[in-house]
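Structural features, examined
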Amino acid sequence: MKIAIASTIFAIGLSGSMAAASADSMPGMRGHDHTGITVPDMKQAVDFFTEVVGCKKAMSFGPFSDDKGTFMQDLAGVDPKAVIEQITQLRCGYGSNIELFKYTAPDQRDLHAKNSDIGGFHIAFYVDDVAAVKAYLQAKGVPTRLGPLPVKEGPAAGQTIIYFQAPWGLQLEAISYPDGMAYEKGADTVLWSPKEPAK
């Protein structure tokens, strides 16, 4: 029953996002390039994404700051005295990139957001076998949640998921749908998938 309710909520969200997608678009918009994440320790984060998840480091640059003006506030909406100590960009298989930020700022907070918090988020990675990923993560000492959870009803039927966490609390997910999902039959728009990047 809980899975059916979750599938219904997913379907409502999906139909709402499809309606939004059919509206106007930013000129020349081609797709999702990267997700930016501020981390407490750059080495720890890079090590986790490269040595556990399997991403590859592409480049690092920085620092950026403005001791006298409001450049940082004007550019990124942060405290004028904020400093970006380093930015590192990662490529993660056939998907959009991840951009890690190491900031210091006078008003910096440590949020540790849950998935249920407004503004909370997670990053999902498509994998071939969620059960194998759970065993792998547990062997690496990475905390995992309930699962693998197969979704058997509703528009998301066909997917299997498990949530896990980075050492600093970032929420992540492994997802697989080797035979697609139920909503795809007759759908005008299908979600982009790293297993079939050109579709």
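Throughout what follows, the structure given in this document is the object of discussion. (Residues numbered from 1 in each chain as written. Predicted model: local features only at pLDDT ≥ 70, side-chain atom pairs only at ≥ 80, totals over all residues. Heavy atoms only, no water.)

For the chain, the helix and strand inventory stands at four helices and eight strands. Helices (α) and strands (β) of the chain occur, in sequence order from the N terminus, as α-β-α-β-α-β-β-β-α-β-β-β. Taking all 199 residues of the chain together, the buried fraction comes to 31%. Within the chain, counting contacts between residues at least 6 apart in sequence, those at least 24 apart form 55% of the total. Of the roughly 12,600 Å² of accessible surface on the chain, a fraction of 56% belongs to carbon and sulfur atoms. (Helix = DSSP H or I, 4+ residues; strand = E, 2+ residues; numbered from the N terminus. Buried < 20%, exposed > 50% of the residue type's maximum accessible area, 1.4 Å probe, protein only. Contact = heavy atoms within 4.5 Å. Areas by Shrake-Rupley, 256 points an atom, 1.4 Å probe, with all protein chains shown as cover.)

Evaluated as defined, the whole model comprises six aromatic pairs. With a centroid separation of 5.7 Å and 80° between ring planes, the pair formed by F48 and F49 is classed as edge-to-face. Exposure remark for F48: the relative accessible area of 5% places this residue in the buried category. Look at F49 and you get buried, because its relative accessible area is 0%. On the basis of an interplanar angle of 25° and a centroid distance of 5.9 Å, the ring pair of F101 and Y103 is categorised as stacked. What makes Y103 buried here is its relative accessible area of 12%. An aromatic cluster is present here, built from F48, F49 and W168 joined pairwise through their rings. (Phe/Tyr/Trp six-rings, centres within 6.5 Å; stacked < 30°, edge-to-face > 60°.)

Pairing is possible between side chains that carry opposite charge, provided their charged atoms lie close to one another. For the coordinates displayed, the defined rule picks out five salt bridges. A salt bridge links E196 to K195; the shortest N-O distance between them is 3.4 Å. Residue classification places K195 among the partly exposed residues on the basis of a relative accessible area of 30%. One connected set of salt bridges, linked through shared partners, spans E184, K195, E196 and K199. (Salt bridge = Lys/Arg side-chain N within 4 Å of Asp/Glu carboxyl O.)

In this structure, F48, F49, I98, L100 and L172 are the most contacted members of the largest nonpolar core, which totals 27 residues. A per-element tally of this core places helix α2 (residues 42-53) first, with six residues. (Core = buried A, V, L, I, M, F, W, Y, C linked by side-chain atoms within 4.5 Å.)

To continue, consider unusual backbone geometry. Residue P63 follows G62 across a cis peptide bond; omega there is 10°. Within the secondary structure, P63 is located in the loop between β2 (56-61) and α3 (71-76). Of the consecutive residues G147 and P148, the connecting peptide bond is found in the cis state with omega at 10°. Looking at the secondary structure, you find P148 in the loop between α4 (130-139) and β6 (149-150).

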